[in-house]
Amino acid sequence: MSVRFLSLSNRMKIILAIITLLVASSVTFAQSNEDVCHVYLVDVAVSSKALDNFRETGNPEADAKALSAGQTLFPEFRTSFQEEQLTTKHYPFPSSKLIITASVYYTDESMPSYGNGKYDVNDQSMLIGIMVSKKAQESALTASTPNSAIVEVTYDEWTNKVRAKQYVKVGGLLYLVGIECDCAAKRKSK
């Protein structure tokens with residue numbers, strides 16, 4: 001696997017396509033203590049071609065389908081905020097023998113930051129990671145998984161969405177693989 005840099009224009013097109021896909025497939029969730037996460041995969045060449053050839057039809061469903069060419073959105077999973085809680089999911093990388101490992105971890109020992117309100121320090125954080133490998137990994141967040149993309153954020157009632165992503169080359173083709181977690185889902189109501 002190797003990383004290849006794309007032009008800003010192509011990166012923005014891919015991000016727009018991902019956002020369109022996620023918005024088109026989003027569901028409003030009941031109030032809970034859960035974060036809702038998705039793993040996605042984008043075939044960069046197929047998605048770029050679809051974006052270059054896209055012409056708006058006025059039909060939102062048809063437009064969303066056209067813009068989602070080359071994109072795979074895996075089933076969502078939910079995590080529940082608990083200290084030292086690790087959630088890991090595995091998905092098959094299409095048309096290969098590779099496995100996508102996605103992990104979410106909550107801790108209070110890694111990244112203290114400025115607090116709000118009655119707390120001087122907020123010591124809660126959330127780590128998310130994504131990786132592609134030959135076999136399923138226990139976690140995408142450890143030193144034994146060096147090809148992972150990892151993001152850590154302060155975790156509190158204002159945490160909204162968090163995303164980790166990376167470009168990988170598989171079978172000579174460039175893909176964007178990512179994980180996005182909606183931490184505000186628990187604040188939405190039906």
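Refer to the structure presented above.
Since the model is a prediction, treat every value here as computed from it, not as a measurement.

Student: How should I be thinking about the nonpolar core in this particular structure?
Tutor: A general trend in soluble globular proteins is that nonpolar side chains are found buried together. Grouped together as the largest cluster of nonpolar side chains are 27 residues, with contacts concentrated most on Val-39, Phe-93, Ile-100, Val-104, Met-126 and Ile-179. Listing elements by their share of this core, those giving two or more residues are strand S1 (34-43), strand S5 (99-107), strand S8 (125-133), strand S10 (161-170) and strand S11 (173-182). Look past the residues within four positions of Phe-93 in its chain and what remains in contact with it is Leu-41, Leu-98, Ile-99, Ile-100, Val-132, Val-168, Val-170 and Tyr-175. Formed by six residues, the second largest nonpolar core is a distinct cluster that contains Tyr-40, Val-42, Leu-174 and Leu-176.

Student: What is the right way to read helix H2 (residues 44-53) from this model?
Tutor: Think of an α-helix as turning once every 3.6 residues; residues three or four places apart then point the same way. Restricting attention to buried positions, one finds in H2 the residues Val-44, Ser-47, Ser-48, Ala-50 and Leu-51. Summarising the axial view, the buried residues of H2 lie within an arc of 160°, below the 170-degree limit, and thus occupy one face. Summarising the geometry of H2, the exposed residues directed more than 90 degrees from the buried face are Ala-45, Lys-49 and Asn-53. Its side-chain oxygen placed 3.2 Å from the backbone nitrogen of Ala-45, Asp-43 serves as the N-cap of H2.

Student: I keep staring at the pattern of salt bridges and nothing clicks. Help me out?
Tutor: Note on pairing: side chains with opposite charge can pair once their charged atoms come close. Per the counting criterion, the structure on display carries four salt bridges. Residue Arg-78 is joined to Glu-34 by a salt bridge in which the shortest nitrogen-to-oxygen separation is 3.1 Å. Placement of Arg-78 in strand S3 (residues 77-80) and of Glu-34 in strand S1 is noted, with a sequence separation of 44 residues between them. Relative accessible area serves as the criterion here: at 29%, Glu-34 is assigned to the partly exposed category. Between Glu-180 and Lys-161 there is a salt bridge whose closest N-O contact spans 3.6 Å. With Glu-180 in strand S11 and Lys-161 in strand S10, this pair connects stretches of sequence that are 19 residues apart. Residue classification places Glu-180 among the buried positions, given a relative accessible area of 9%.

Student: Where do I start with the pairing of S8 in this structure?
Tutor: Remark: a regular strand shows side chains that alternate across the two faces of the sheet. Of all nine residues in S8, nine are buried; the element is thus mostly enclosed. Along S8, one buried face is formed by Ser-125, Leu-127, Gly-129, Met-131 and Ser-133 and the opposite face, lined by Met-126, Ile-128, Ile-130 and Val-132, is buried too. Taken together, the nine bridges between S5 and S8 define a ladder with antiparallel strand orientation. Across the sheet, Ile-99 pairs through a bridge with Ser-133, a residue of S8. Direction of pairing for S8 relative to strand S9 (residues 149-154): antiparallel, over a ladder of six bridges. Each bridged residue has a counterpart across the sheet, and for Leu-127 the counterpart in S9 is Glu-152.

Student: Explain the sheet that holds strand S4 (residues 85-92) to me, please; I cannot follow it from the model alone.
Tutor: Backbone hydrogen bonds hold the strands of a sheet together, and the pairing may be parallel or antiparallel. Spatially, S4-S5-S8-S9 is the arrangement adopted by the four strands of the open sheet, whose pairing is antiparallel. Of all strands in the sheet, those bounded by a partner on one side alone are S4 and S9. Taken over all neighbouring pairs, the strand axes of this sheet differ in orientation by 10° on average, direction set aside. Pairing of S4 with S5 involves eight bridges; the strand directions are antiparallel. The residue bridging His-90 from the neighbouring strand is Thr-101, located in S5.

Student: It is not clear to me how the state of the cysteines should be interpreted in this structure. Could you clarify?
Tutor: Joining two cysteines, a disulfide is a covalent bond between their sulfur atoms. Summed over all chains, the structure comprises one disulfide. With a sulfur-sulfur separation of 2.1 Å, Cys-37 is cross-linked through a disulfide to Cys-181. Handedness here is read from the sign of the S-S torsion; for Cys-37 and Cys-181, about 110°, the answer is right-handed. Placement of Cys-37 in strand S1 and of Cys-181 in strand S11 is noted, with a sequence separation of 144 residues between them. Pair check on accessibility: Cys-37 and Cys-181 agree, each one buried. Here Cys-183 stays unpaired: no disulfide links it, and the sulfur of Cys-181, its closest cysteine neighbor, is 6.1 Å away.

The rules behind each value
- Residues numbered from 1 in each chain as written.
- Predicted model: local features only at pLDDT ≥ 70, side-chain atom pairs only at ≥ 80, totals over all residues.
- Heavy atoms only, no water.
- Core = buried A, V, L, I, M, F, W, Y, C linked by side-chain atoms within 4.5 Å.
- Buried < 20%, exposed > 50% of the residue type's maximum accessible area, 1.4 Å probe, protein only.
- Helix = DSSP H or I, 4+ residues; strand = E, 2+ residues; numbered from the N terminus.
- Contact = heavy atoms within 4.5 Å.
- Arc of directions from axis to C-beta.
- Polar contact = N/O pair within 3.5 Å; in protein donor to acceptor, adjacent residues only side chain to side chain.
- Salt bridge = Lys/Arg side-chain N within 4 Å of Asp/Glu carboxyl O.
- Pairing = 2+ DSSP bridges.
- Axes fitted to C-alpha atoms, helices over the stretch in contact; angles between N-to-C directions.
- Disulfide = S-S within 2.5 Å.

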